[in-house]
Amino acid sequence: MFPKGIIAIPCTPYHEDMSLDFDSLINEVQFIVNAGANGIAYPIMASEFYVLSDQERKQAVETVIKAVDGSIPVCVGVTGQNIHNSLELADHAQQAGATGLISMTPVLHSWHEDDVENYFNVLDEKVSIPLMLQNVEAYGMMPISIPKVVDIIKHSSNIKDLKEEGMPSILRMEQAIREGGSHIKGVYGGFGGLQFLDEMKLGAAGNIMACEFVDVFSKIYDAWTSENIEVAKNTFCRLLPALVYETKLFPAFPLSVLQKRGIITNNKPRSVSMSLPKNILRQIDYYIKDLDDLFVSTH
């Protein structure tokens, strides 16, 4: 079972030559744990899993699991190029000590829902730990319909949780919670936490988002679950402008925040050539300064 609450995604950090920076990755993991996150998910979309080689993914997964050292659950992303690649990554993750797995439909895969269902059925049969279905509009692919998602989960042994990011996500999440009933143990949101409180009002189990503001999200979640609703709302409203800005500059924005907070050394992503100009970086500085009193120490 996946933990309820805030599941943070480490952003894959790189050196200037764009090789993986494992020291910075360890720093991210330690920051996530210290920030009060309930779990970690890696590598998925915010980690740029799609630009990592299999060997890099495996080494990075091992690094994350070792750095966590059992303090919080680790959900490993196993979305591959095809079903065989996903199965290989799932096998490695289980052997490495993952608490759970998460997968979208493979990058190179049929869009037909029967083929998508077969993929998750095969993956379900081959794994022995909990597996979350991530339903998202990616690679130009349409998300799986909610009735099909419910049917897949209903007939699965290990797939009992859902990360729902198809559009319109609020309506699809409400439908999944309502139609999934007891078959779906937890429905999680994404989109960088942009709709976090609306999702919680619907009965979501939590949110899985990039980690640059995980300490703030942890405070919001703790306030919400303690029924300090006004504190949760006010804190979320303070964070919201930065989350909106993130949607326009992803994945460079979370990397830049992590760099400015002293957690990683380089803010450049692999997937896009995005060097942020000084005026954009100054705006990020503004958001960080405005939220500073909500941050945990990173030094």
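As the structure is a prediction and not an experimental result, all values here were calculated from the model.

Rules of the game
Residues numbered from 1 in each chain as written. Predicted model: local features only at pLDDT ≥ 70, side-chain atom pairs only at ≥ 80, totals over all residues. Heavy atoms only, no water. Phe/Tyr/Trp six-rings, centres within 6.5 Å; stacked < 30°, edge-to-face > 60°. Helix = DSSP H or I, 4+ residues; strand = E, 2+ residues; numbered from the N terminus. Buried < 20%, exposed > 50% of the residue type's maximum accessible area, 1.4 Å probe, protein only. Pairing = 2+ DSSP bridges. Axes fitted to C-alpha atoms, helices over the stretch in contact; angles between N-to-C directions. Contact = heavy atoms within 4.5 Å. Salt bridge = Lys/Arg side-chain N within 4 Å of Asp/Glu carboxyl O. Parallel < 35°, antiparallel > 145°, perpendicular 65-115°, else oblique. Left-handed = near helix turned anticlockwise from the far one by under 90°. Core = buried A, V, L, I, M, F, W, Y, C linked by side-chain atoms within 4.5 Å. Expected span 1.5 Å × (residues − 1). Bend = angle between axes of the 7 residues up to and from the residue. 1 Å grid on protein atoms, 1.4 Å probe; cavity = no way out; pocket = protein on both sides within 12 Å on 5 of 7 lines; lining within 4 Å. Points joined across faces, edges and corners; volume = space filled by probe spheres on them. Nonpolar A, V, L, I, M, F, W, Y, C, P; charged D, E, K, R; others polar.

Let us look at the packing of aromatic side chains. Following the criterion strictly, the structure yields 8 aromatic pairs and no others. Seen in terms of ring centroids, Phe196 and Phe217 are 5.8 Å apart; in terms of plane orientation they differ by 90°. Their pairing is edge-to-face. Of this pair, Phe196 sits in helix α7 (residues 196-202) while Phe217 sits in helix α8 (residues 214-225), and the two are 21 residues apart along the sequence. For Phe217, a relative accessible area of 1% puts it in the buried group.

Right, let's talk about the sheet that holds strand β4 (residues 100-103) for a bit. Strand pairing in a sheet relies on backbone hydrogen bonds. The paired strands run either parallel or antiparallel. Around the barrel, which closes on itself, the 8 strands sit in the order β1-β2-β3-β4-β5-β6-β7-β8 with parallel pairing between neighbours. Across this sheet, the average inter-strand angle for adjacent strands is 25°, counted without regard to direction. Two elements, strand β7 (residues 186-189) and strand β8 (residues 206-210), share 2 bridges in a ladder whose sense is parallel. Bridge pairing in β8 places Tyr188 opposite Gly206. Across the face of the sheet, helix α4 (residues 113-126) comes into contact with β4, β5 (131-136) and β6 (159-165) while running at roughly 165° to β4.

The next thing to look at is the pattern of salt bridges. Applying the stated criterion across every chain, the model contains 11 salt bridges. Among the ionic pairs, Lys148 bridges to Asp114, the shortest N-O distance being 3.9 Å. Note that Lys148 is positioned in helix α5 (residues 146-154) and Asp114 in helix α4, a separation of 34 residues in sequence. Residue Arg178 is joined to Glu174 by a salt bridge in which the shortest nitrogen-to-oxygen separation is 2.9 Å. Here the residue Arg178 and the residue Glu174 both occupy positions in helix α6 (residues 169-180), the gap between them amounting to 4 residues, near one helical turn. The structure contains a network of salt bridges with shared partners spanning Asp114, Glu117 and Lys148.

A word on the packing of helix α2 (residues 54-68) against helix α3 (residues 83-96). Here α2 crosses α3 at 25°, and the two axes come no closer than 10 Å. The orientation of α2 relative to α3 falls into the category roughly parallel. As for how α2 packs across α3, the hand of that crossing is right-handed. Residues Asp54, Arg57, Lys58, Val61, Glu62 and Ile65 of α2 form the contact with α3, whose own contacting residues are Asn85, Glu88, Leu89, His92 and Ala96.

Let us now look at the environment of Lys126. Along the chain, Lys126 turns up in helix α4. Measuring from C-alpha to C-alpha, the distance between Lys126 and Asn158 comes to 9.7 Å, with 32 residues separating the pair along the chain. Excluding residues that lie within four positions of it along the chain, Lys126 makes contacts with Leu87 and Gln94.

As a further point, take the nonpolar core. With 99 residues, the main nonpolar core has Leu101, Phe213 and Phe217 as its most contacted residues. Per-element tally for this core: the top contributor is α8, with 7 residues. With near-sequence residues (within four places) excluded, Phe213 lies in contact with Leu239, Ala242, Leu243, Phe253, Val257, Arg261, Leu291 and Phe295.

With that settled, consider helix α9 (residues 229-248). An α-helical segment advances 3.6 residues per turn. Residues three or four places apart therefore align on the same side. For α9, built from 20 residues, the straight-helix expectation of 28 Å at 1.5 Å per residue is met to within 8% by its first-to-last C-alpha distance of 29 Å. At Leu239, α9 is deflected by roughly 35°, the largest bend along its length, and proline Pro241 occurs up to four residues later in sequence. By the burial criterion, the buried members of α9 are Ala232, Thr235, Phe236, Leu239, Ala242, Leu243, Tyr245 and Glu246. Of the surrounding elements, those touching the buried residues of α9 are α7, α8, α10 (252-260) and α11 (278-291).

With that settled, consider the layout of surface pockets. Estimated volume of the largest pocket: approximately 540 Å³. Along its surface, the largest pocket is lined by 22 residues, and Met45, Glu165, Phe191, Gly192 and Phe250 are the ones closest to its centre. Every element with two or more residues in the lining of the largest pocket is listed here: β5, β6, β8 and α9. Here the residues of the lining of the largest pocket are counted per class, giving 14 nonpolar, 4 polar and 4 charged.

A few words on α10. Burial of α10 is extensive: 7 of the 9 residues sit out of reach of the surface. Lining the buried residues of α10 we find α1 (22-34), β8, α9 and α11. Gly262 occupies a position one or two residues after α10 and carries a positive phi of about 80°.

Each neighbour pair has its own omega, and for Tyr42 with Pro43 the value is -10°, a cis peptide bond. Summarising the element assignment, Pro43 is placed in the loop between β2 (39-42) and α2. Note the cis peptide between Phe250 and Pro251, where omega equals 5°. Despite not being glycine, Phe191 has its phi angle at roughly 55°, a positive value. Position of Phe191 among the secondary structure elements: in the loop between β7 and α7.

None of this, on its own, says anything about what the molecule does.
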